[in-house]
Amino acid sequence: MMQEDSAKCVHCGHSTPDVRILGCAHGCCFHARCLDLKSIRELTPPSSDICVVSKCPRCASPSTGMEILPLSFEEIDQARRLVGASGSSSKRSFGVVNSGGAQTGGGDVYDPAVPRAGKWAEEEIAFRDNLVTHFVSGSLPLPNELKLCEFLSKILKSKPSRLTKKMKKANLSTRHFVGNSAYIEDVELARELSRLELCFVNSIVEPVERSEIKFHMQREWRDYLAALCTVLNIRFEATEWLKSIENMENRIALATTRDRSVKRRLMMGKAIETDACAAEAMPGVFIDHSQPHEEIDFDLLASAIETNDYDDTDFRNLYLSLVDDPAPSTSATVSDNSSQRSSDDPTQSSPQKSSVARKGLLMSSAAPNFKFAAPFLARAASYIEHNQLPFEHIDIWVPTMTTSLDDPSGATSLKPCLGSGALDNRPGRLCFAGSYSLDVHMVNDPQTSTLKKKTLSQESVYNLLLFGSYSEKFSFSSGCGLPGRVYESAVPAWEQFITNAPSHLFERRGGAMQFGIKTALGLPIESTNVGRIVLVMYSTQDREKDDYLVANIISDLQKLNPCPRWKLVVDMGSGGNDTAPQSTSHQLQAPSMQSNQSEFNEADIIKSSQIKELISILGENMPSDYSSPLGQQINDIMSLRLVLLNSSRSPDEEQLVDSILLLFGSYLKAGRSRADISQMVTRDYAFHSTEHQRNQQQQVEPRHRVPSFSNQLQHLSINSGSPRF
């Protein structure tokens, strides 16, 4: 197969052609601007809807179609290797450095979304003027009504403002393309355009930038060619071309993720360094320095992408897990023309498919950030946005226990945190329970002197997301830090200029400096099950204190009924038939504001564990028939097991179960055998059931009485004859 690097356009004689005629005896190749597509279409019979290139336009030899050549990254990769080996810095005319010090574009990978900037070279001006001439004459493979400004901006990878400053009298926005021949018919004119293009590329001194602009123009010309073939219903082969586009998008996404990871580590490290020093002098402020995520070898992943091994499931899953991180994405999909670039060949697929699928996996940078998708957190954020409150980020702090569930000495079971504060006898520690970042903020309208809603930049949203992750590392004793002070005093706290405030007023000052937080409002919110939680609102602007607004917010948020539930990790011992009950260790984690039924508080966990243990004991000692020593208790054992297994017990039955579990616990502590426990608990259940029924008969007339669930079960088990398992 003829390689693209060695092939030349048979029309103008220059290298890097865009399309090859399949089956041609001479292997003819063309630039997109040198191929007469309209003549090819005119040779097709009018009755045929699809045009197949059956004859080479140059040598007239038989052919089987045409193929758009794939994009090659070899020149870009070679330029990067040379720059890396020489150790010289890359002086580029494009690329923007963000606030975190990471380059958002033009750094380690070609990115079509990053435009060029800087002075105009003479070679670029000559090439641009020649393009304008062919644009006006209609001799380029472009779609009709395409604006001159848009075309030059794409081909030259330049900002529109850079064009308008240099071409003030060119009417860039009002001149539209009107197709004529759609290719450069004159050979000398075609050679002149190719020569000027080559001179422009060679005029770029920096090797990486030179290889990237060459790659970019090839990409744009082939996009336009595919779009025009689609309009003319000319069939073309695009399998390898589409794979190269997917490879390009993978490179962009991976480089963006790598830059995002570098920025995250840099900003987190600086913030932790600042706040950790201050925390040493502030008792009650705790910082978790653990690193839960493993470091990722991005260079290894980049090498895997370059192999084009798209059938490697493990690599694909790892890659998709990386690019699924919510953050501003600078990756650009194929140009707008790509929506039309397809052929009627059923074996071909549009590049939009992979692009759309990837965008579905890449979370929008404007999407709110849920650490825990809690109803209260979501409603609070919705309340802020609906009422246009001047805050863009919220988090919630919930009191949690600091003692182990199975250690009566009170030793902490939390992960060790660094800081000078020691655990005390206060009600508990305030832990991070969730955060939410909005994608809009309120700004002052100078005309109306009121606040109006404005969309936040992707960079600002990402910084808010990082601040949420950063806050997750902190916990506070009651009375310490902004959440602790609000929790202890039950008084709202509106803090302004927190980036300049002393650390004892805002303990996360380092994080506020890194992520742009300037105002914080701590609100005490009463909860039905924990007494009080703290909701903190943040803004990237300096917001003036408004006591009336604070009172209204507290009143409204109180109606949302926050009910936090602790998330516990339970390490159950292995089951067995030993006489002593199996030990159960509990580790308390940060509280979650979720209302999911699978997450219980401390008492629920202990109760659930006891119920499972009792059900196991009853099952082991279930008699096989009525003639056994426990045969007379078959019905009571079955009834008790069914009550314990029922997840929707009535209040009376719940009270009965609590009494049985209390007795069960005392038997365990006394060291009774499992068989004795089964017999004694069943006897207790029968006694309590009888007493309960007697009390109901004394209080309610029989005709108005409704049998309880346990009574119905007893009735069913008695009337069912022999027990069933």
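Structure's up top.
Residues numbered from 1 in each chain as written. Predicted model: local features only at pLDDT ≥ 70, side-chain atom pairs only at ≥ 80, totals over all residues. Heavy atoms only, no water.

A. Spatial organisation of the sheet that holds strand S4 (residues 285–287). Taken in spatial order, the seven strands of this open sheet run S4-S9-S6-S5-S12-S11-S10, and their pairing is antiparallel. Where the open sheet ends on each side, the last strands, each with one partner, are S4 and strand S10 (493–495). The average undirected angle you get between the axes of adjacent strands in this sheet is 25 degrees. Relative to the sheet, helix H12 (residues 375–386) contacts strand S5 (393–400), strand S6 (429–437) and strand S12 (531–539), its axis offset from that of S5 by approximately 145 degrees. (Pairing = 2+ DSSP bridges. Helix = DSSP H or I, 4+ residues; strand = E, 2+ residues; numbered from the N terminus. Axes fitted to C-alpha atoms, helices over the stretch in contact; angles between N-to-C directions. Contact = heavy atoms within 4.5 Å.)

B. The pairing of S12, seen in detail. With seven of nine residues buried, S12 lies mostly within the body of the structure. Here S5 runs beside S12; their pairing, made up of five bridges, is antiparallel. Residue pairing for S12: Ile394 is matched across the bridge by Met537. Across nine bridges, the pairing between strand S11 (residues 519–527) and S12 is antiparallel. Each bridged residue has a counterpart across the sheet, and for Glu526 the counterpart in S12 is Arg532. The antiparallel hairpin formed by S11 and S12 contains three residues in its connecting segment. (Buried < 20%, exposed > 50% of the residue type's maximum accessible area, 1.4 Å probe, protein only.)

C. Main features of the packing of helix H6 (residues 187–202) against helix H7 (residues 207–232). Relative to each other, H6 and H7 sit at 145 degrees, their axes nearing to 9 Å. Every residue of H7 that contacts H6 at Glu197, Phe200, Val201 and Asn202 is listed here: Arg210, Ile213, Lys214, Met217 and Trp221. Of the residues belonging to the contact of H6 with H7, the class tally is five nonpolar, one polar and three charged. (Nonpolar A, V, L, I, M, F, W, Y, C, P; charged D, E, K, R; others polar.)

D. Molecular detail of the packing of aromatic side chains. A full pass over the atoms with the stated rule returns 15 aromatic pairs. Geometrically, the ring pair formed by Phe135 and Phe151 is stacked, given 5.6 Å between the ring centres and 25 degrees between the ring planes. Taken together, the residues Phe135 in helix H3 (residues 122–137) and Phe151 in helix H4 (residues 148–155) connect sequence positions 16 residues apart. Among the residues examined, Phe151 registers a relative accessible area of 0% and is labelled buried. A connected cluster of aromatic rings, assembled from ring pairs, spans Trp397, Phe432, Phe467, Tyr470, Phe474, Phe476, Phe515 and Tyr538. Looking at Arg33, its charged tip hangs above the ring of Trp221, at a distance of 5.3 Å from the centre. Lying over the aromatic face of Trp120, Arg128 brings its terminal NZ or CZ to 4.9 Å of the ring centre. (Phe/Tyr/Trp six-rings, centres within 6.5 Å; stacked < 30°, edge-to-face > 60°. Lys NZ or Arg CZ within 6 Å of the ring centre and 35° of its normal.)

Shape is all these values report; function is a separate question.
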